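# Fold and geometry: a report
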Amino acid sequence: MAPINPIDHNQGLSESEARYRALVTATSDVVYRMNPDWSVMRQLEGGDFLTDTGKPIADWMAKYIHPVDQERVKAAIAGAIRTKSMFQLEHRVLTADGELGWTSSKAVPILDDKGEIIEWFGAANNISDRKQMEEALQQAKEEAEQQKRLYEAVASNTPDLVYIFGLDYSFTYANPALLNMWGKTREEAIGKRLLENGYEPWHAEMHEREIDHIVNTKETVRGEVAFPHATLGRRVYDYILVPVINEQGEVESIAGTTRDISEIKANEQRKNDFISMVSHELKTPLTSVISYVQITQKRAAENNDQVSADMLTRAGKQLNKMTNMINGFLNVSRLESGHIQIDHKPFNLALLVQEIKEEAMATIYSHKVLFWPMDEIWVNADREKIGQVFNNLLSNAVKYSSTGSQINIACIAMGNDVQVSVTDEGMGINPPDLPRLFERYYRVKEAEISHIAGFGIGLYLCAEIIKRHGGTIWAESEPGKGSTFYFKLPVMEKA
Ligand code: ADP
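Residues numbered from 1 in each chain as written. Predicted model: local features only at pLDDT ≥ 70, side-chain atom pairs only at ≥ 80, totals over all residues. Heavy atoms only, no water.

Cut-off, in case you're wondering: UniProt positions are given in the numbering used here, feature names are shortened, and annotations may be inferred rather than shown by experiment.
As annotated in an unreviewed UniProt entry, the chain carries the name histidine kinase and is attributed to Mucilaginibacter mali. Under the UniProt heading Subcellular location (unreviewed entry), the entry covering the chain gives this text: "Membrane". The Catalytic activity (unreviewed entry) field of the UniProt record for the chain holds the comment "ATP + protein L-histidine = ADP + protein N-phospho-L-histidine."

Right under this line is the structure:
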């Protein structure tokens, strides 16, 4: 290296100092001066960001540069010195507040007339906010990526079909199970509508109308659909379509999952067939026993054998109970396989209630059953099935309340409906059980009633019958005080 001319060098240095002062006044950034090999920081004006040096310091690296970045800074310095070119780096610093900050630092070498470095002039600005935003963005990206991987893993490994529709009814996502079922690649299927993905017109139309409904109402749609599968034959699917709502509260897409329930359906069918077969088989001998008991009872009465006649009356009652149970099972299996028919015919509800009242007076001695007077109310309904609903509610009121208590039955016209209520003074029902009473085979699990026989099908049948009449059924109850079961049916319009 050529020896530096001290005069020229010093002159150069004082010129450089003057320029540095001008820079300090002209900029709001951090400005600094370093000796030629950066071993000494001659001066640093830190603004609000870094602490001023005051006098030249040799331990500037420890004072300003974050330990993690020191090696990077050293490497950049070495490169700049070697090439006598600009030092440029974004790195972390320890700020005047003792916090961690980010700076973008640039320094240029000031050369003397021999081309040797006299010193370095640097300017650095505070980029902490930008870096923080970048870091937050990066973190958000990583989290989004991770979430995506997570959802992908779930959606790719479920046998269920998972998919998303855009508002133009085209698929924007289909999981591997669905692509597999279609026998298509992602590229072939995405962006296409149902019809283009091989759905039959009725089926495509049905889902597109459901999508319209979801977009308009933001409601979830659940349904069951059966259609032929290319290799597996006829399959039954259960599907749920839900709206995906954006920040503005609008539906931005529709997410769906579909499950193949063919096996479950087939098992249910087998169970129903079994119940139906057993019930039929039990009914035949039961009918014979009932008629033998009736004949024997008659003969006992004729022979003035009162003891036998009474016993046979009791046997008859038990047989009736058995018949009702078996009929209940038969009805459930008919209902499940869609064989229940509602035979709509106009009739006067008051007359049906009168019949039920007469029967109740003849058979129920354990309770005070009070039928409230009612007006003539005409309904267009299945008389026998509505009678079944009355009987079910009445026999439950008897079953689940103590002997001697009162049961009230009332029918009131309310606008376009008639509301029927059956109120008892029994044990009542706890609130969590109330909405579930109408489920098939649901029974309350209370020690108090564990001895009361039943299969949890009576209310299910009532609910199905009322539903099929376009009516509603529900229960209200105060535990310990009693319950009221209500149903509403549309009344016939007066001609
Ligand atoms: P079952 O009486 O054969 O069990 P139901 O479907 O008729 O079946 O009734 C379902 C359940 O609802 C019953 O097990 C009982 O726990 C409850 N329940 C029905 N009616 C009443 C009532 N009047 N009071 C209290 N609990 C009742």
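## Thoughts on the site of the ligand
The test is simple: Near, as used in this document, describes a residue that has one of its heavy atoms within 4 Å of the molecule or strand being considered. We define a polar contact as two N or O atoms separated by no more than 3.5 Å, with the added condition that, inside protein, one atom must be a possible hydrogen donor and the other a possible acceptor, whereas residues neighbouring each other in sequence contribute only through side-chain atom pairs. Note on areas: Shrake-Rupley, 1.4 Å probe, and residue coverage restricted to the protein chains presented here. Each helix is a run of H or I in the DSSP string that is no shorter than four residues. Each strand is a run of E no shorter than two, and both are numbered from the N terminus. Under the scheme applied here, ten amino acids are nonpolar (Ala, Val, Leu, Ile, Met, Phe, Trp, Tyr, Cys and Pro), four are charged (Asp, Glu, Lys and Arg), and all others, including Gly, are polar.
The local shell around the ligand holds 19 residues, among which N396, Y400, D424, R443 and L459 are the closest. At 2.4 Å from an oxygen atom of the ligand is found a side-chain nitrogen or oxygen belonging to R443. V444 places a main-chain nitrogen or oxygen 3.3 Å from an oxygen atom of the ligand. Contact with the protein chains covers 97% of the free accessible surface of the ligand, which is 530 Å². Within the residue set of the shell around the ligand, elements represented by two or more residues are α11 (383-399), α12 (458-468) and β17 (482-490). Of the residues belonging to the shell around the ligand, the class tally is ten nonpolar, six polar and three charged.

## Here's the deal with the UniProt feature "domain: Histidine kinase" (unreviewed entry) in the chain
The UniProt record annotates "domain: Histidine kinase" (unreviewed entry) at residues 277-493. End C-alpha atoms of residues 277-493 are separated by 42 Å, and the span's content is 46% helix alongside 21% strand.

## Concerning the pattern of salt bridges
So the rule is basically this: One side-chain nitrogen of Lys or Arg within 4 Å of one carboxyl oxygen of Asp or Glu is enough to make a salt bridge. Partly exposed residues are those whose accessible area sits between 20% and 50% of the maximum for their type, while under 20% is buried and over 50% is exposed, using a 1.4 Å probe and protein chains only.
Tallied over the full model, the rule gives 23 salt bridges. For the salt bridge of E90 with K131, the shortest nitrogen-to-oxygen distance reads 3.3 Å. Of the two residues, E90 sits in strand β3 (residues 87-94) while K131 sits in helix α4 (residues 128-157), which places them 41 residues apart along the sequence. Owing to a relative accessible area of 27%, E90 belongs among the partly exposed residues under this scheme. Under the relative-accessibility criterion, K131 is labelled buried at 14%. K481 is the salt-bridge partner of E478, the closest N and O atoms lying 3.4 Å from each other. With relative accessibility at 46%, the residue E478 sits in the partly exposed group. Owing to a relative accessible area of 57%, K481 belongs among the exposed residues under this scheme.

## Section: the domain arrangement of the chain
Stated precisely, the cut-off is as follows: Residue ranges labeled as domains rest on an automatic or database domain assignment.
For the chain, the assigned domains are domain 1 (15-126), domain 2 (158-260), domain 3 (266-337) and domain 4 (345-490). Of note, the centres of domain 1 and domain 2, computed from C-alpha atoms alone, are 61 Å apart.

## Things to note about the packing of aromatic side chains
Where we set the bar: Aromatic pairs are defined between Phe, Tyr and Trp rings, using the six-membered ring for Trp, whenever the two ring centres lie within 6.5 Å; interplanar angles under 30 degrees are classed as stacked, those over 60 as edge-to-face, and all others as tilted.
Across all of its chains, the model carries 14 aromatic pairs by this definition. Aromatic side chains F329 and F455 sit 4.8 Å apart centroid to centroid with 55° between the ring planes, which places their arrangement in the tilted category. Residue F329 is found in helix α9 (residues 306-336), and its partner F455 is found in the loop between β15 (417-424) and α12; the two are separated by 126 residues along the sequence. For the pair W474 and Y486, a centre-to-centre distance of 4.9 Å together with 15° between the ring planes defines the contact as stacked. Of this pair, W474 sits in strand β16 (residues 472-478) while Y486 is found in strand β17, placing the two residues twelve residues apart along the sequence.

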